[in-house]
Amino acid sequence: MCGRYATTTNPGRLAADLDAIDETGENDSRGDGFTNYNVAPTTQVLTVVARHDRDHPDDDPRLRVRRMRWGLIPVWTKAAEPGVPVKGKPLFNARADKAATTASFRDAVKYRRCLVPMDGWYEWLVEPDPIGGAKGKAVKRPYYMADADGSRLYMAGLWSVWRDRSVADSEPLLSCTILTTDAVGELTRIHDRMPLPMPREHWDAWLDPDHPAPASLLETPSEEVVASIVARPVSTLVNSVRNNGPELLAPVDGAPEAAESR
């Protein structure tokens, strides 16, 4: 699963790196103001989609950077009050092997697929407490998974557009979920699930707004796809979403060895 992650990019920089259109309308001059070391569900997050120009629908689709709520809201969700969807199960993750047949995700699998950029993500591993004495009291230790060279990761996601059907011309609410798959390679030591990475060579097929993605892109990836990702134990400060700073990524001295690329 993936319930927390870190990102240090901003919309303008991301759009420039990908030759994409920045549709967030956010001021790039804020710079580090976009950095979030403890992204949690319901947060507005950056996503990458491919869509046609509304005024020129016959043109090729272009990459676009958009803000979306992390936690997909199905289009059929009712409104609790005007313009506000009813609160339901937080759909911040979707199993890649079941998404195509799950009511909340199957329409998005066909035509609304996205990428969720991140620097890395967190998982919690139950381990014996090194200071717990002979009884070996267990603790949940947070680990941070990221590319060894610091490269940005792009995870497969799905997105949705929700509107309050009871309100004429209601504002659209964009939301997304991150697809997860079985962990592979050394990452299995940390958790049995992981976000589904989407290699650059598959972006065209994955983001294609006109055709369903090949079923193979929803399968568990090979170990080679995650070979450069390393895991390290980090501070329990990340356990609280109120904590948000670079200290969350600092390695914890004296902790057991984490998974490393081979």
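Every value quoted in this text rests on a predicted model; they were computed, and no experiment measured them. (Residues numbered from 1 in each chain as written. Predicted model: local features only at pLDDT ≥ 70, side-chain atom pairs only at ≥ 80, totals over all residues. Heavy atoms only, no water.)

Some words on the sheet that holds strand β1 (residues 5-7)
Applied cut-off: A pair of strands is treated as paired once DSSP finds two or more bridges between them. The helix count covers DSSP runs of H or I at least four residues long, the strand count covers runs of E at least two residues long, and both are numbered beginning at the N terminus. Working convention: axes come from line fits to C-alpha atoms, limited for helices to the stretch in contact. Angles between N-to-C directions cover 0 to 180 degrees.
Across the sheet, five strands lie side by side as β3-β1-β10-β11-β15; this open sheet has antiparallel pairing. In this open sheet, the two edge strands, each paired with only one partner strand, are β3 (36-39) and β15 (229-233). Mean inter-strand twist for the sheet, computed between neighbouring axes without regard to direction, equals 30°. Pairing of β1 with β3 involves two bridges; the strand directions are antiparallel. Each bridged residue has a counterpart across the sheet, and for Tyr 5 the counterpart in β3 is Val 39.

What to know about the side chain of Thr 47
Convention followed: By the convention used here, residues are in contact when the closest approach between their heavy atoms is within 4.5 Å.
Position of Thr 47 relative to the elements: it lies in strand β4 (residues 44-51). The residues touching Thr 47, leaving out its near neighbours within four places in the chain, are Arg 64, Val 65, Arg 66, Met 68, Leu 115, Val 116, Pro 117 and Cys 176.

Focus on unusual backbone geometry
Selection criterion: Categorising residues by exposure relies on relative accessible area from a 1.4 Å probe, with only protein chains included: less than 20% of the type maximum marks a residue as buried, more than 50% marks it as exposed, and the intermediate range marks it as partly exposed.
One non-glycine residue with positive phi stands out, namely Thr 42, at about 80°. The backbone of Asp 169 sits at a positive phi, close to 55°, despite the residue not being glycine. Here Asp 169 lies in the loop between β12 (153-162) and β13 (173-182). Residue classification places Asp 169 among the exposed positions, given a relative accessible area of 78%.

A few points about the confidence of the model for the chain
Formally: Per-residue confidence from the prediction method is given by pLDDT, with values spanning 0 to 100.
Averaged over all residues, the pLDDT of the chain equals 90, while 91% of them reach at least 70. Contacts of residues 254-262 to residues separated by more than four positions or lying in other chains number 25 contacts, the stretch itself having pLDDT below 50.

Quick word on the side chain of Glu 123
Formally: Charge assignment in this entry is limited to Lys and Arg as positive and Asp and Glu as negative, and neither His nor the chain termini are counted. Salt bridge, as applied in this entry: a Lys or Arg side-chain nitrogen positioned within 4 Å of an Asp or Glu carboxyl oxygen.
Along the polypeptide, Glu 123 turns up in strand β10 (residues 120-128). Lacking a salt bridge, the buried Glu 123 has Arg 193 as its closest oppositely charged neighbour, with an N-O distance of 8.4 Å. Beyond its immediate stretch of four places on either side in the chain, Glu 123 contacts Met 1, Cys 2, Arg 141, Pro 142, Tyr 143, Met 145, Ile 190, His 191 and Arg 193.

Topic: the environment of Asp 55
By the element assignment, Asp 55 lies in the loop between β4 and β5 (62-70). The class of Asp 55 is exposed, set by a relative accessible area of 65%. Separated by 30 residues in sequence, Asp 55 and Pro 85 place their C-alpha atoms 29 Å apart.

A few points about helix α1 (residues 11-18)
To keep it simple, the criterion reads: The directions considered for the arc are those from the helix axis to the C-beta atoms. Any pair of N or O atoms that falls within 3.5 Å is considered a polar contact. Within protein, one atom must be able to donate a hydrogen and the other to accept it, and sequence-neighbouring residues count only if both atoms are side-chain atoms.
Within the span of α1, buried status applies to Pro 11, Leu 14, Ala 15 and Leu 18. End-on, the buried residues of α1 take up no more than an arc of 100°, which puts them together on one face. Summarising the contacts, the buried residues of α1 are in contact with β2 (21-22), β4, β5, β9 (113-118), β12 and α3 (203-207). The opening residue of α1 is Asn 10, an N-cap whose side-chain oxygen sits 3.2 Å from the backbone nitrogen of Gly 12. Directly after α1, the chain includes Asp 19, whose backbone phi takes a positive value near 55°.

Focus: the pairing of β5
Both β2 and β5 contribute to a ladder of two bridges, which runs parallel. Following the sheet pairing, Ile 21 is matched in β5 by Arg 64. Of the pairings in the sheet, the one linking β4 to β5 comprises eight bridges and is antiparallel in character. Opposite Thr 47, over in β5, you have Arg 66 as the bridge partner. Bridge count for β5 against β13 is two bridges, and the pairing is parallel.

Remarks on the state of the cysteines
Heads up, the condition is: Throughout, disulfides are identified as pairs of cysteine sulfur atoms within 2.5 Å of each other.
Applying the stated criterion across every chain, the model contains zero disulfides. Cys 2 forms no disulfide, and the closest cysteine sulfur to it belongs to Cys 176, at a distance of 11 Å. Here Cys 114 stays unpaired: no disulfide links it, and the sulfur of Cys 176, its closest cysteine neighbor, is 5.4 Å away.

Observations concerning the layout of surface pockets
Cut-off, in case you're wondering: With a 1 Å grid spanning the protein atoms alone, the term cavity applies to any set of points in which a 1.4 Å probe fits but cannot get out, the term pocket to an open set with protein on both sides within 12 Å along at least five of seven lines, and the term lining residue to any residue with an atom within 4 Å of a point. Grid points are joined across faces, edges and corners, and a volume is the space filled by probe spheres set on the points. For this classification, Asp, Glu, Lys and Arg are treated as charged, while Ala, Val, Leu, Ile, Met, Phe, Trp, Tyr, Cys and Pro are nonpolar and the rest, including Gly, are polar.
Roughly 460 Å³ of volume is contained in the largest pocket. Residue lining of the largest pocket: 16 residues in total, with Glu 23, Arg 51, Arg 54, Arg 66 and Trp 159 positioned closest to the centre. Listed by contribution, the elements that provide at least two residues to the lining of the largest pocket are β5 and β12. A total of three residues in the lining of the largest pocket trace back to one element, the largest contributor, which is β5. For the lining of the largest pocket, the class distribution of residues is four nonpolar, two polar and ten charged. One number sums up the size of the second largest pocket: a volume of about 380 Å³. In terms of lining residues, the second largest pocket is bounded by 21 residues, among which Ile 73, Val 86, Lys 87, Gly 88 and Lys 89 are the most central. Broken down by secondary-structure element, the contributors of at least two residues to the lining of the second largest pocket are β5 and β7 (84-85). Its residues assigned to classes, the lining of the second largest pocket shows 13 nonpolar, five polar and three charged.

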